[in-house]
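Coordinate inspection notes
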Amino acid sequence: MVKSSATDRETGNPMDYYIAPSLLSADFGRLAEKVRAVERAGADLLHVDVMDGRFVPNITIGPPAVAAIKRCASVPLDVHLMIVEPEKYIDAFAEAGAGVITVHAEATPHLQRAVARIRELGKKSGVALNPSTSISAIEWVLSDVDMVLLMTVNPGFGGQAFLPGMLGKIELLRSQLARTGLPVDIEVDGGVKADNVSLVVKAGANVIVSGSGIFGTKDYGKTIAQMKENIRKASGEGEKR
Ligand code: DX5
Ligand code: ZN
């Protein structure tokens, strides 16, 4: 975690920053080894992408694989559910050892019930938005969540290009949260790498998912250290503005 000396320029609260490598870009045949490698390299969370072939055009893993990752992990699992009717599986992913469970606002007509259930199970609750979904979709659940995940690519695959139009959405959400005074993290997911992390941090994000931006590099330790250094600088600049 990067404990910034800077404070949130809107609320004056100290901001903590977290790096969450996305295991989607790791070699699934050597997952335990890869988990340990990114943890040694400074990962604060492990981002686990669950896809069902319906909400997104790709299929990944379910609760048994999440439980297996949990057995070899020492940092919390940040489980991103890209599945329809996520409410049916929240209990199973909680049982599998998720620390944070995030559901998509587009995936359920009963969003408040879903995020409230996550908290009821003693987990951190998150809500995610596709790039084309407006922030107004989550206005009435902001007090029920610990984190909002803003997709910065269309979900389904690792290695896609960051959508720069999402920077304004991050800024908008950060200022809305500041107005409400709610202590909600903003996670960004998709196309984030060491060379553009400063942009999302300046816009107001504090939980940084990176898949190919970490696993596609040779030295994970060096990459994460560079990301943290860039975050430190960018958050300081945010303070001065
Ligand atoms: C995409 C997933 C992301 C993905 C990010 O649908 O939700 O977590 O793994 O990968 P990169 O960082 O390579 O865009
Ligand atoms: Zn994800």
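Residues numbered from 1 in each chain as written. Chains lettered and ligands numbered in written order. Predicted model: local features only at pLDDT ≥ 70, side-chain atom pairs only at ≥ 80, totals over all residues. Heavy atoms only, no water.

Now for the coordination of the zinc ion (ligand 2). H47 (NE2), D49 (OD), H80 (ND1) and D189 (OD) make up the full set of protein donors to the zinc ion (ligand 2), lying at 2.0 to 2.3 Å. Each of the six donor atoms bound to the zinc ion (ligand 2) contributes to angles spanning 71 to 171 degrees, and the resulting shape is octahedral. (Donors = N, O, S within 2.8 Å, 3.2 Å for Na, K, Ca; no water. Tetrahedral: all angles 85-135°; square planar, octahedral: opposite > 155°, others 65-115°.)

Residue placement: R36 occurs in helix α1 (residues 31–40). Residue classification places R36 among the partly exposed positions, given a relative accessible area of 43%. Once the C-alpha coordinates of R36 and S74 are considered, the two residues, 38 residues apart in sequence, prove to be 8.5 Å apart. (Helix = DSSP H or I, 4+ residues; strand = E, 2+ residues; numbered from the N terminus. Buried < 20%, exposed > 50% of the residue type's maximum accessible area, 1.4 Å probe, protein only.)

Attention shifts here to the pairing of strand β4 (residues 77–82). Of all six residues making up β4, six are buried, and the element is well covered by its neighbours. Residues L77, V79 and L81 line one face of β4 and the alternating positions D78, H80 and M82 line the opposite face, and both faces are buried. Relative to β4, strand β3 (residues 46–51) runs parallel, the two being bridged by six bridges. Bridge pairing in β4 places M51 opposite M82. The sheet contact formed by β4 and strand β5 (residues 100–104) spans four bridges and is parallel. (Pairing = 2+ DSSP bridges.)

Moving on, we come to the packing of aromatic side chains. Aromatic ring pairs: the centre-centre distance and the angle between the two ring planes describe each pair. Counted according to the given criterion, the structure contains one aromatic pair. Here the aromatic rings of F215 and Y220 are separated by 5.3 Å at their centres, their planes lie at 70 degrees, and the arrangement is edge-to-face. Relative accessible area serves as the criterion here: at 10%, F215 is assigned to the buried category. Judged by its relative accessible area of 12%, Y220 falls in the buried class. (Phe/Tyr/Trp six-rings, centres within 6.5 Å; stacked < 30°, edge-to-face > 60°.)

Near ligand 1 there are 20 residues, and of these S22, G156, D189, G211 and S212 occur at the shortest range. For ligand 1, an oxygen atom lies 2.8 Å from a polar atom in the side chain of S22. The separation between an oxygen atom of ligand 1 and a polar main-chain atom of G159 is 2.8 Å. The cavity that encloses ligand 1 is the largest cavity. Contributing elements (two or more residues each) for the shell around ligand 1: β3, β4 and β9 (207–210). Tallied by class, the residues present in the shell around ligand 1 amount to seven nonpolar, eleven polar and two charged. (Near = heavy atom within 4 Å. Polar contact = N/O pair within 3.5 Å; in protein donor to acceptor, adjacent residues only side chain to side chain. 1 Å grid on protein atoms, 1.4 Å probe; cavity = no way out; pocket = protein on both sides within 12 Å on 5 of 7 lines; lining within 4 Å. Sits in = over half its atoms within 2 Å of the grid points. Nonpolar A, V, L, I, M, F, W, Y, C, P; charged D, E, K, R; others polar.)

Summed over the entire model, instances satisfying the criterion amount to eight salt bridges. For the salt bridge of R30 with E33, the shortest nitrogen-to-oxygen distance reads 2.7 Å. Assessed through its relative accessible area of 38%, R30 is described here as partly exposed. You can call E33 partly exposed: its relative accessible area is 40%. As a salt-bridge pair, E85 and K88 come within 2.6 Å of each other at their nearest N and O atoms. One network of salt bridges, in which partners are shared, links D27, R30 and E33. (Salt bridge = Lys/Arg side-chain N within 4 Å of Asp/Glu carboxyl O.)

Those residues of helix α4 (residues 111–120) that fall on the buried side of the exposure criterion are L111, A114, V115 and I118. Buried residues of α4, seen end-on, are gathered within an arc of 90 degrees and therefore sit on one face of the element. Summarising the geometry of α4, the exposed residues directed more than 90 degrees from the buried face are R113 and E120. Where α4 is buried, its residues contact α3 (90–96), β5 and β6 (124–129). Trailing α4 by a residue or two, G122 shows a phi angle of about 85 degrees, which is positive. (Arc of directions from axis to C-beta. Contact = heavy atoms within 4.5 Å.)

This part covers the nonpolar core. Among the nonpolar cores identified, the biggest contains 70 residues, and V66, V79, I138, V148, I170, V200 and I208 are the most heavily contacted of them. Ranked by residues supplied to this core, first place goes to helix α8 (residues 220–240) with five residues. Sequence-distant contacts of V148, defined by excluding residues within four places in its chain, comprise V127, I138, L142, L173, V184, D185, I186 and E187. A20, L45, V100 and M147 belong to the second-largest nonpolar core, a separate cluster that totals six residues. (Core = buried A, V, L, I, M, F, W, Y, C linked by side-chain atoms within 4.5 Å.)

One simple way to see leftover space: roll a probe sized like a water molecule over the atoms. Overall, the coordinates contain three cavities of 30 Å³ or more when judged by the stated rule. Empty space within the largest cavity amounts to approximately 200 Å³. Lining the largest cavity are 25 residues; nearest its centre among them are S22, F157, G158, D189 and G190. Only β3, β4, β9 and α7 (212–215) provide two or more residues apiece to the lining of the largest cavity. Within the lining of the largest cavity, the residues separate by chemical class into nine nonpolar, 13 polar and three charged. (Points joined across faces, edges and corners; volume = space filled by probe spheres on them.)

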